[in-house]
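# Breakdown of the fold
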4 protein chains.
Amino acid sequence: MDAPKQTSRLEAFSDGVFAIAITLLVLDLKVPEEPPLLDALLHQWPVYVAYLVSFLFILIMWMNHHRMFESIARVDSMFMLLNGLLLLGITVVPYPTSILSKYVLSDEQTVATAIYSGWFLLLAVCFNLMWRYASTDGRLLSEHDSELAAVITARYRWGIPSYFAAFALAFVWAPASLFLNAALAVFYAIPREIKLSPWKR
Amino acid sequence: MDAPKQTSRLEAFSDGVFAIAITLLVLDLKVPEEPPLLDALLHQWPVYVAYLVSFLFILIMWMNHHRMFESIARVDSMFMLLNGLLLLGITVVPYPTSILSKYVLSDEQTVATAIYSGWFLLLAVCFNLMWRYASTDGRLLSEHDSELAAVITARYRWGIPSYFAAFALAFVWAPASLFLNAALAVFYAIPREIKLSPWKR
Amino acid sequence: MDAPKQTSRLEAFSDGVFAIAITLLVLDLKVPEEPPLLDALLHQWPVYVAYLVSFLFILIMWMNHHRMFESIARVDSMFMLLNGLLLLGITVVPYPTSILSKYVLSDEQTVATAIYSGWFLLLAVCFNLMWRYASTDGRLLSEHDSELAAVITARYRWGIPSYFAAFALAFVWAPASLFLNAALAVFYAIPREIKLSPWKR
Amino acid sequence: MDAPKQTSRLEAFSDGVFAIAITLLVLDLKVPEEPPLLDALLHQWPVYVAYLVSFLFILIMWMNHHRMFESIARVDSMFMLLNGLLLLGITVVPYPTSILSKYVLSDEQTVATAIYSGWFLLLAVCFNLMWRYASTDGRLLSEHDSELAAVITARYRWGIPSYFAAFALAFVWAPASLFLNAALAVFYAIPREIKLSPWKR
């Protein structure tokens, strides 16, 4: 009786933070000060790309957070703290997004791209830590199936090398790093009912 | 048991995004820097009109989202993704609203109005896609009544030509486009209990 | 079964809008650009007073909204629309608050105070309309007690002349209008369990 | 039946305010105007420290708010008002945070640090008032265990001298005050399952 209440309020708070962070991204879209309007808007294309990638990233994080909580029956203070760290990272996303959209076409392209990709890498690590903590020995899961948990762990772990590759690419050729980030966002956004079905019952 | 939980968290997240986007519109209302205050405020009338139309648009989108979910019993990943696209569009609304209110009285009136109306058209298309996906063969509906679903589909589809007309009018005479947008907002805001009653039981 | 679901999502959306509007007020508190810091902060006292009055006003509106919904069992489209109008008014509150705090110590004091008080008056009217619509013939109430409904109606109606008085005072002596607004906020914030008990069961 | 509904909506509203306030902190992170980007970002370190401490502070406040409501079965108007005061304080947190991060490296370090620490002290007092009001004679608790309530009261009370010490230190040596604030945030963030277990069942 107690546990579901704990979970539901933690989910509600997390949903609020995700929803606000994803909506605050719009503050980065600036109305051009000078006409011609259409040229000025088209000239801002890096802002739109950064907006889109960050929106998809937060959305996918939320979708996976949502799915993770379907398996979770209890929370403890350590898990709340790990969740808090994830939320800290999510609320900050508009910041590297602004940095990227301001500097992506400048000489500082490499630094801006590395910060952007690096932040996503940190969030992928954080998300994995949450799942590992919750799933080890079925600590917080509603029903323990160690084989299944291992499958999910393996799937989540893919996020870390992928985002690490995007981070490393920033130092080689920044556009490739951004392209990989966009591709990852699209890839993770594509529904994968079939793969998920054994897990989601 | 699982499905309602999924729906309720998706609704909660969507409600959060709608609520934040509708509230962030206020950031577009700027306090005049220079007196006389009353003149400066009255001079800003396009800002208020844009605020009002966008507020009503988001509110009506929310009301229809709310109604759609009354018929929906399940969600899958594709539906979550379509819902994510709709939310992407909703969070961006403050941006074309700012563009409109800044440029509606300038030479760039046509471009600003076309962007504003065009965005609403995209959202109407997106909303229709969601309903079509959910209702085809009763995929996600709580109980399938193909005749009824067709009626609703037809009703929702009216949104697309209406907003397309508003978009096209922007290139002919911008004030007419804005007037049509305002009229659509008011029209859709007017309660239609009678027409809805067969559907809503 | 259907009705409570409708109410709960309307409440959740409204809560979100109230919560965001009340939090966005903080954006009006500006960090002084120039030292000495303490003097600069103290010099901003009208900003803090406006913040406090507006915060209390939105909080009390939320508390009363909360109480009203305890008696309401159903919603219809007209009620959702009236609620939407109230939310429109609530989301705008940060705007007259900014106007007041910027102009209260200038020559435009009267205009700024009249706009501020006038907005609160409009919201009091809007809130009354909602209650009147919901309570007439017990239209949306969970159980109809026409005598009790009349008592509540009378109590709510007090808000209109009070806020009208504050509005009118703005044209006579602005500080008195602001003082009345602050007093009303404090007065309505004071718990009134005893008076409420017959109504709240 | 009535009471849980009251509590849940108060919790939902509070969750919304906490979630928004914690997310609005990001607006304080400014993208550097001038390259070199990395130097400019590193130069902003006080902004990040202030962000982190404030984020943890709000997160911990939310976690304790969450825990407090697990013991609370009813709310009354006075409690709603005290909760409103706490929320007022929480929504303002981004403001002293901005003040601190702007002035911490200037001559005004002492004033900025005192304002920052003083605000946290006020919030600790406010939180204690809420708990004292709710727990005295088990007024709003789900089940009354006066000994247990006294234990919790004692534990919460530690917050007041701790934050008072941080406030007082600001006048002696500002860095020590900030370090204590950070240490308190980390200390309260560390899970304390064992100590809590008697209380949380």
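Residues numbered from 1 in each chain as written. Chains lettered and ligands numbered in written order. Predicted model: local features only at pLDDT ≥ 70, side-chain atom pairs only at ≥ 80, totals over all residues.

### Considerations on the overall build of chain A
Note the cut-off: Going along the chain from the N terminus, every DSSP run of H or I of four or more residues is numbered as a helix, and every run of E of two or more is numbered as a strand. Here the globule rule reads 2.2 Å times residues to the power 0.38, and the radius of gyration is calculated from C-alpha atoms.
The secondary structure content of chain A amounts to ten helices and zero strands. Along its sequence from the N terminus, chain A presents helices and strands in the succession α-α-α-α-α-α-α-α-α-α. Against the globule reference of 17 Å for 201 residues, chain A gives a C-alpha radius of gyration of 18 Å, in line with a compact fold. Once the C-alpha set of chain A is aligned to its principal axes, its extents read approximately 60 × 35 × 30 Å.

### Focus: the relation of the copies chain B and chain A
Convention followed: Alignment of the copies relies on least squares applied to C-alpha atoms, considering only residues that score at least 70 for pLDDT in both.
Rotating chain B by 90° and translating it 0.0 Å along the rotation axis places it on chain A, where the RMSD comes to 0.0 Å. Interpreted geometrically, this transformation is the action of a four-fold axis.

### Some remarks on the interface of chain B and chain A
For clarity, the cut-off: Throughout, a residue-residue contact means that the two C-beta atoms, derived from backbone geometry, are no farther apart than 7 Å. Put simply, Ala, Val, Leu, Ile, Met, Phe, Trp, Tyr, Cys and Pro go in the nonpolar bin, Asp, Glu, Lys and Arg in the charged bin, and everything else, Gly too, in the polar bin.
Listed per partner, the contact involves 28 residues of chain B and 25 residues of chain A. Counting only elements with at least two residues in the side of chain B that touches chain A, the list comes to helix 1 (2-24), helix 4 (77-92), helix 5 (94-103) and helix 6 (109-135) of chain B. Per-class residue counts for the side of chain B that touches chain A are 17 nonpolar, six polar and five charged.

### Examining the packing of helix 5 (residues 94-103) of chain A against helix 6 (residues 109-135) of chain A
Residue and element names in this part refer to chain A. Using the following cut-off: Fitting a line to C-alpha atoms yields each axis, with helices limited to the stretch in contact; the angle taken between N-to-C directions then spans 0 to 180 degrees. Any angle that is under 35 degrees is reported as roughly parallel, and any over 145 degrees as roughly antiparallel; angles of 65 to 115 degrees are reported as roughly perpendicular and all others as oblique. Crossings are sorted by hand: turned counterclockwise from the far helix by less than a right angle, the near helix makes the crossing left-handed, and turned clockwise it makes it right-handed.
Relative to each other, helix 5 and helix 6 sit at 155°, their axes nearing to 9 Å. Judged on the interaxial angle alone, helix 6 and helix 5 are roughly antiparallel. For helix 5 against helix 6, the interelement crossing comes out left-handed. Every residue of helix 6 that contacts helix 5 at Pro96, Ile99, Leu100 and Tyr103 is listed here: Gln109, Ala112, Thr113, Ile115, Tyr116 and Trp119.

### Looking at the environment of A:Ala124
All names here are of chain A. Which entries qualify depends on this criterion: Put plainly, a residue is buried at 20 or more neighbouring C-beta atoms within 10 Å of its own, exposed at 12 or fewer, and partly exposed in between, counting only other residues' C-beta atoms, which are placed from the backbone.
Topologically, alanine 124 is positioned in helix 6. Among the residues examined, alanine 124 registers 25 C-beta atoms within 10 Å and is labelled buried. When neighbours within four sequence positions are excluded, alanine 124 is seen to be in contact with Gly159, Ile160 and Tyr163.

### Focus on the interface of chain D and chain A
With 25 residues of chain D in contact, the opposing surface of chain A contributes 28 residues. Elements with a contribution of two residues or more to the side of chain D that touches chain A: helix 1 (2-24), helix 2 (37-43) and helix 3 (45-71) of chain D. Grouping the amino acids of the side of chain D that touches chain A by side-chain chemistry returns 18 nonpolar, three polar and four charged.

### With respect to the confidence of the model for chain A
Residues and elements named next belong to chain A. Test applied: pLDDT measures how confident the predictor is about each residue, on a scale from 0 to 100.
On average, residues of chain A carry a pLDDT of 85, and 91% of them reach 70 or more. For the stretch residues 1-5, pLDDT sits under 50, and the model shows two contacts to residues farther than four places along the chain or on other chains. Long-range and interchain partners of residues 193-201, a stretch whose pLDDT sits below 50, account for five contacts in this model, where long-range means more than four residues apart. Taken together, the chains of this predicted complex give a pTM of 0.89 and an interface ipTM of 0.86.

### Topic: the arrangement of the chains
Contact between chain A and chain C is absent, and the minimum C-alpha spacing across the pair is 9 Å. Nothing in chain B touches chain D; the tightest C-alpha to C-alpha distance between them is still 9 Å.

### With respect to the environment of A:Ile115
Residues and elements named next belong to chain A. With respect to the helices and strands, the residue isoleucine 115 is situated in helix 6. Sequence spacing of isoleucine 115 and aspartate 76 is 39 residues, and the spatial spacing of their C-alpha atoms is 32 Å. Dropping the residues within four chain positions of it, isoleucine 115 is found in contact with Pro96 and Ile99.

### Description of the nonpolar core
Heads up, the condition is: As used throughout, a nonpolar core is a set of buried Ala, Val, Leu, Ile, Met, Phe, Trp, Tyr and Cys residues joined through C-beta atoms within 7 Å of each other.
One finds A:Ile58, B:Ile58, C:Ile58 and D:Ile58 to be the most contacted residues of the largest nonpolar core, which totals 263 residues. Once residues within four sequence positions are removed from consideration, A:Ile58 is found in contact with A:Phe18, A:Ala21, A:Ile22, A:Ile90 and A:Val93.

### Comments concerning the packing of helix 6 of chain B against helix 9 (residues 174-189) of chain B
Residues and elements named next belong to chain B. Where helix 6 contacts helix 9, the two axes come as close as 9 Å, and the packing angle between them is 25°. The orientation of helix 6 with respect to helix 9, classified from their angle, is roughly parallel. Both helix 6 and helix 9 take part in a crossing whose hand is left-handed. When helix 6 is examined against helix 9, the residues Gln109, Thr110, Thr113, Ser117 and Phe120 are found in contact with a partner set consisting of Ala174, Ser177, Leu178 and Asn181.

### Brief notes about the environment of A:Gly138
Residue placement: A:Gly138 occurs in the loop between helix 6 and helix 7 (146-157). Sequence-wise, A:Gly138 and A:Asp39 are 99 residues apart; in three dimensions their C-alpha atoms are separated by 56 Å.

### Here's the deal with unusual backbone geometry
Along the chain, B:Pro35 connects to B:Pro36 via a cis peptide bond; the corresponding omega equals 5°. With respect to the helices and strands, the residue B:Pro36 is situated in the loop between helix 1 and helix 2 (37-43).

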